[in-house]
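So you can see what is in the structure, the chains are spelled out below.
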Amino acid sequence: FIHVKDCASVNFWFYKNKESSGIFNVGTGVARSFDDVAELVCAWHRKFGVKNAQVTSQPFPEKLKGAYQSYTQADLNKLSSAGYCDGFMSLEVGINQYLNALNKYRY
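Engineer: When you look at the side chain of S20 in this model, what are you seeing that I'm missing?
Structural biologist: Summarising the element assignment, S20 is placed in the loop between α1 (4–16) and α2 (34–47). Here the side chain of S20 touches A82 through a polar contact of 3.5 Å, landing on its backbone oxygen. If we skip the residues at most four places from it in the chain, S20 touches W13, F14 and A82.

Engineer: Looking at this structure, how should I read the packing of aromatic side chains?
Structural biologist: In this description, a pair of aromatic rings is defined by centroid distance and the angle of the planes. One pass over the full model with this rule turns up eight aromatic pairs. With 5.4 Å between their ring centres and 85° between their planes, F1 and F34 make a pair best called edge-to-face. With F1 in the segment before α1 and F34 in helix α2, this residue pair connects regions lying 33 residues apart in the sequence. A relative accessible area of 54% places F34 in the exposed class. Between Y84 and F88, the ring centres sit 5.9 Å apart and the planes meet at 35°, which makes this aromatic pair tilted. Members of the aromatic cluster, connected to one another through ring pairs, are W13, F14, F24, Y84 and F88.

Engineer: When you look at the pattern of salt bridges in this model, what are you seeing that I'm missing?
Structural biologist: When their charged atoms lie close together, side chains carrying opposite charge are able to pair. In the structure shown here, the tally under the stated rule is four salt bridges. The salt bridge partner of R32 is D36, with a shortest N-O separation of 3.0 Å. Among the ionic contacts, a cluster of salt bridges with common partners joins R32, D36 and E92.

Engineer: Please clarify how the side chain of D6 should be interpreted in this entry.
Structural biologist: Counting through the fold element by element, D6 comes out in helix α1. Despite its burial, D6 pairs with no opposite charge, the nearest such side chain being K5 at 8.9 Å. Here the side chain of D6 touches M89 through a polar contact of 2.8 Å, landing on its backbone nitrogen. Not counting residues up to four positions away in its chain, the partners in contact with D6 are Y84, G87, F88 and M89.

Criteria and cut-off values
- Residues numbered from 1 in each chain as written.
- Predicted model: local features only at pLDDT ≥ 70, side-chain atom pairs only at ≥ 80, totals over all residues.
- Heavy atoms only, no water.
- Helix = DSSP H or I, 4+ residues; strand = E, 2+ residues; numbered from the N terminus.
- Polar contact = N/O pair within 3.5 Å; in protein donor to acceptor, adjacent residues only side chain to side chain.
- Contact = heavy atoms within 4.5 Å.
- Phe/Tyr/Trp six-rings, centres within 6.5 Å; stacked < 30°, edge-to-face > 60°.
- Buried < 20%, exposed > 50% of the residue type's maximum accessible area, 1.4 Å probe, protein only.
- Salt bridge = Lys/Arg side-chain N within 4 Å of Asp/Glu carboxyl O.
- Lys, Arg positive; Asp, Glu negative; His and termini not counted.

What follows is the structure, encoded as structure tokens:
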């Protein structure tokens, strides 16, 4: 999971640093799960009094096993070797920013 602002930042860095080129991984470098996303969304709702906001996990469908990459973690060594050194937004910050923005226009 990576915030679109981080992707734009990397692209803009390469635009300004034309001597660097190639194919680069872009990501936070931290593996996170869909359960992490769900728990963060529920935690955000609980802050606003939604008492029944809880994660209920479901078993992974058998027919998707082997056809779906359930674990990803970007290797950022090549990106940092090219000179990119800005950090990436955490999942916690990104989820909270997104839900706050949605809630702002709710009423």
